[in-house]
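Structure assessment
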Amino acid sequence: MYLAEDKAKASTVQPADGHCADTVDLMTAATAPGGKWQTFPNSHISHHGAACCDIAHEWLIAFDYAQLNGGDVLTGPRWMREHSKWGPTAWPIHWCEAVDADVVDCGVHAAIAQEAFVARGVPAFRAQFIQRYSADATASWRENWDKESVSDHWIDGDAIYHEGNAVLVGTDEVKLWDGSAGWWINPRGEMGYGSLAAVRIEADLEGFEDGLRWGERRIKLNQWVAV
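Residues numbered from 1 in each chain as written. Predicted model: local features only at pLDDT ≥ 70, side-chain atom pairs only at ≥ 80, totals over all residues. Heavy atoms only, no water.

**Things to note about the overall build of the chain**
- Looking only at helices and strands, the chain features 6 helices and 11 strands.
- Buried positions account for 48% of the 227 residues belonging to the chain.
- In the chain, once contacts between residues fewer than 6 apart in sequence are set aside, the share between residues at least 24 apart is 68%. (Helix = DSSP H or I, 4+ residues; strand = E, 2+ residues; numbered from the N terminus. Buried < 20%, exposed > 50% of the residue type's maximum accessible area, 1.4 Å probe, protein only. Contact = heavy atoms within 4.5 Å.)

If you want it as structure tokens, here you go:
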């Protein structure tokens, strides 16, 4: 889900307590969730500059349209989970490879979902998440990623870095889509296994200087916000 050099950006900053809708200073807070992901870029699928990737991208849009089958354009593209399971991905990856892979990570799912939403005419933005899991779960994932010789720097203790999408459903309201899980994230901010600790929405500020509303929260753009 990331570039190889991203791993070098990871610091040894540890998680910190956050409060609802507070801006999280992940760089300096020694206990902030996922502090080492402060400057991580969203994942982007590469293009060979050839017909192979053009065809793959066109297939993706057509397949999503077919799966939508006349339904609401705000329907989550849950077909992605059946088409490609969540797992290790070696980066960089190109469009022709991404749409043909049986296993991809959250960066690929988020990039594909972004293309699907935009092609439907739905304003959507890339989103980054920090989620809480258990040490046993992250140890298992670390082992799986190691078997594929893929970087596991998205794991930090019992917290993980994850990617998804923020889909505009109103003037300034969004829903958060987790393509790897195939669901919309509950904005009520439940605690526990798999819960969301922090979110960052990457978007142009024009028109959204006050951020975007997610449930009862307002998320400032382009910065980590604790949940």
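There's plenty left to go through after this.
**Quick look at the nonpolar core**
- With 23 residues, the main nonpolar core has Ile45, Trp95, Val108, Ile112 and Phe117 as its most contacted residues.
- Looking at this core, the elements with two or more residues in it are α2 (51-68), α3 (79-83), α4 (95-98) and α5 (106-119).
- With 5 residues, the top contributor of residues to this core is α5.
- Residues in contact with Phe117, not counting those within four places in the same chain, are Val73, Thr75, Gly76, Pro77, Val122, Ala124, Asn165, Val167, Trp177 and Trp184. (Core = buried A, V, L, I, M, F, W, Y, C linked by side-chain atoms within 4.5 Å.)

**Let's talk about unusual backbone geometry**
- Residue Trp91 is joined to Pro92 through a cis peptide bond whose omega torsion reads 5°.
- Residue placement: Pro92 occurs in the loop between β1 (85-86) and α4.
- Located in the positive-phi region is Asn69, a residue other than glycine, with phi close to 50°.
- Within the secondary structure layout, Asn69 lies in the loop between α2 and α3.
- For Asn69, a relative accessible area of 66% gives the class exposed.
- Although it is not a glycine, Ser149 adopts a positive phi angle of roughly 55°.
- One can find Ser149 in the loop between α6 (135-147) and β4 (155-156).

**Description of α2**
- Across its 18 residues, α2 extends 26 Å between first and last C-alpha, which sits within 8% of the 26 Å expected from 1.5 Å per residue.
- Buried residues of α2: Cys53, Ala56, Leu60, Asp64 and Leu68, and no others. The arc that holds every buried residue of α2, seen down its axis, measures 105°, which confines them to one face. With respect to the buried face of α2, the exposed residues turned more than 90 degrees away are Ile55, Glu58 and Tyr65. (Expected span 1.5 Å × (residues − 1). Arc of directions from axis to C-beta.)

**Topic: the packing of α2 against α5**
- For the pair α2 and α5, the least separation of the axes is 10 Å and the interaxial angle reads 65°. α5 is crossed by α2, and the crossing has right-handed handedness. On α5, the residues that touch His57, Leu60, Ile61 and Asp64 of α2 are Ile112, Glu115, Ala116 and Ala119.
- Tallied by class, the residues present in the contact of α2 with α5 amount to 5 nonpolar, 1 polar and 2 charged. (Axes fitted to C-alpha atoms, helices over the stretch in contact; angles between N-to-C directions. Left-handed = near helix turned anticlockwise from the far one by under 90°. Nonpolar A, V, L, I, M, F, W, Y, C, P; charged D, E, K, R; others polar.)

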